[in-house]
Amino acid sequence: MEQKIIEVNGLRKEYGDFVAVENLNFSIGKGEIFGIVGPNGAGKTTTLKMLGGLIRPSRGNIAMKGLDMSRDSVEIKSFLGFLPEESPLYEGMSVDDYLIFFAELYGVGKSEAKKRIRNLLFDLSLNADGKRIGDLSKGMKRKVAIARSLINDPDILIYDEPASGLDPMTSRYITDYVRSLKKAGKTVIFTAHNLYQVESLCDRILILKAGKLVTLGTAEEIRKKYGKIQYRLEFKVDGIEEYSISETKIVDDNYVVTTSDIDIVNNTTKWVAARGGDIVEMRTIVPSLEEIFLELMGVELFID
Ligand code: ADP
């Protein structure tokens, strides 16, 4: 990992007796895209809010650029951009006025603010034409919220479900935009439901379940660790009653053996050949990250 920019130690959040996030430990490198994935209620938003300094951890600590969130949150927030899952926007304001308003809150001077807004709107391909925020489409509103998160030119971006609930094109656009932020040297932490997006976008993925870390690594590492490769052998033969190497299923009048044991594949192939049968197809099944995720979450999968 490159230089660490965020360090999280023993992070925990309780709501009354309920533990929403338990003992999280991880660090994030400068310029990394870090995805947090998990089912509803896993603790993703709670974790992001603690990282954004919006709620206090019950235990543990967060350091960013060597500063401690519990002591230096004002300084930390000056280099953070936070995008909440649902961003309340001022519906009656024009996009420009709204962004200038936030730029001023961050102490960005008016002419610099105007320049930044022009560039952001261009980069996000958001052409609002002086419209009121209330009249924009959902995707455009999300882009306004993203522009707002960038108005103070932050180094670290914390995005809660940046592309969820948007049409595929806007969603794709936002994903590509996040990639461009990395190129510009920014560090991005985000949550998502769509594992496909996470896989193609993230340098590393943290999978959360019931507030606990299930696994953390690159998509490749997670696949290696949890994804068992399976072999599927389909054949035709007479006298299947005498076959005892493995279980078979019947698909399209052929017999199918699915196994992760290569010896079963070899022995079955020999047995079929010795009986004068034919191998119709042999293929390897590599599980997708989505399948691994579902398995880690305790959802059983069946492969035909
Ligand atoms: P996710 O973002 O993964 O869907 P959340 O972080 O929103 O999960 O929530 C994790 C758990 O904490 C959920 O069970 C949720 O109901 C609970 N929770 C979140 N915020 C509060 C709160 N303010 N008070 C009580 N419980 C909360």
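This text goes with the structure placed above it.
Novice: Would you mind showing me how to read the sheet that holds strand β5 (residues 67-68) here?
Specialist: Hydrogen bonding along the main chain pairs the strands of a sheet, whether they run parallel or antiparallel. The antiparallel open sheet is built from four strands, whose spatial order is β2-β1-β4-β5. On the outer flanks of this sheet lie β2 (18-29) and β5, each paired with one strand and no other. Here strand β1 (residues 4-15) pairs with strand β4 (residues 59-64) via five bridges, running antiparallel. For V8, the partnering residue across the bridge sits in β4 and is I62. In the packing of helix α1 (residues 44-51) onto the sheet, contacts are made with β1, β2 and β4, and the angle to β1 comes to roughly 125°.

Novice: What exactly am I supposed to notice about the environment of I229 here?
Specialist: Position of I229 relative to the elements: it lies in the loop between α8 (219-226) and β11 (230-236). The exposure class of I229 is partly exposed, given its relative accessible area of 39%. Expressed as a C-alpha distance, the spacing of I229 and N127, which sit 102 residues apart in the sequence, is 47 Å. With residues up to four places along the chain from it excluded, the contact list for I229 reads S260, T284 and I285.

Novice: Hey, could you run me through the site of the ligand in this one?
Specialist: In the neighbourhood of the ligand, the contacting residues comprise Y15, F18, A20, P39, N40, G41, A42, G43, K44, T45 and T46. A42 has a polar backbone atom sitting 3.0 Å from an oxygen atom of the ligand. In the environment of the ligand, an oxygen atom lies 2.5 Å from a nitrogen or oxygen atom belonging to the side chain of T46. In isolation the ligand exposes 560 Å². Once the protein is present, 58% of that is buried. For the shell around the ligand, the secondary-structure elements that each account for two or more residues are β2 and α1. Counting residues per element, the shell around the ligand draws most heavily on α1, which supplies three residues. Residue composition of the shell around the ligand, by class: five nonpolar, five polar and one charged.

Novice: Any chance you could explain the pattern of salt bridges here in plain terms?
Specialist: Any two side chains of opposite charge can pair, given that their charged atoms come close. This model, assessed by the stated rule, comprises 19 salt bridges. Here E91 makes a salt bridge to K141, at a shortest N to O gap of 3.7 Å. Taken together, the residues E91 in the loop between β6 (80-83) and α3 (95-105) and K141 in helix α5 (residues 138-150) connect sequence positions 50 residues apart. The class of K141 is partly exposed, set by a relative accessible area of 22%. Across the salt bridge formed by E104 and K110, the nearest N and O atoms sit 3.9 Å from each other. In this structure E104 comes out as partly exposed when scored by relative accessible area, which is 45%. Members of the salt-bridge network, linked through shared partners, are R232, E234, E281 and R283.

Novice: Quick question: what am I supposed to make of a nonpolar patch on the surface here?
Specialist: A contiguous nonpolar patch, built from Y90, F101, L105 and Y106 and spanning about 420 Å² of accessible area, is present on the exposed surface. Mapped onto the elements of the fold, F101 is located in helix α3. For F101, a relative accessible area of 33% puts it in the partly exposed group.

Novice: It is not clear to me how the sheet that holds strand β13 (residues 254-259) should be interpreted in this structure. Could you clarify?
Specialist: In spatial order, the strands read β12-β13-β11-β14; together these four strands make up an open sheet with antiparallel pairing. Among the strands making up the open sheet, the edge pair consists of β12 (249-251) and β14 (278-285). With strand direction ignored, the average angle separating the axes of adjacent strands in the sheet is 30°. Where β11 lies against β14, seven bridges are found, and the strand directions are antiparallel. Bridge pairing in β14 links K236 to D278. Across the sheet, helix α9 (residues 262-274) touches β11, β13 and β14, and the angle it forms with β11 is around 10°.

The rules behind the values
Residues numbered from 1 in each chain as written. Predicted model: local features only at pLDDT ≥ 70, side-chain atom pairs only at ≥ 80, totals over all residues. Heavy atoms only, no water. Pairing = 2+ DSSP bridges. Helix = DSSP H or I, 4+ residues; strand = E, 2+ residues; numbered from the N terminus. Contact = heavy atoms within 4.5 Å. Axes fitted to C-alpha atoms, helices over the stretch in contact; angles between N-to-C directions. Buried < 20%, exposed > 50% of the residue type's maximum accessible area, 1.4 Å probe, protein only. Near = heavy atom within 4 Å. Polar contact = N/O pair within 3.5 Å; in protein donor to acceptor, adjacent residues only side chain to side chain. Areas by Shrake-Rupley, 256 points an atom, 1.4 Å probe, with all protein chains shown as cover. Nonpolar A, V, L, I, M, F, W, Y, C, P; charged D, E, K, R; others polar. Salt bridge = Lys/Arg side-chain N within 4 Å of Asp/Glu carboxyl O. Patch = residues over 30% accessible without salt bridge, like charges linked within 9 Å, V, L, I, M, F, W, Y side chains within 5 Å.

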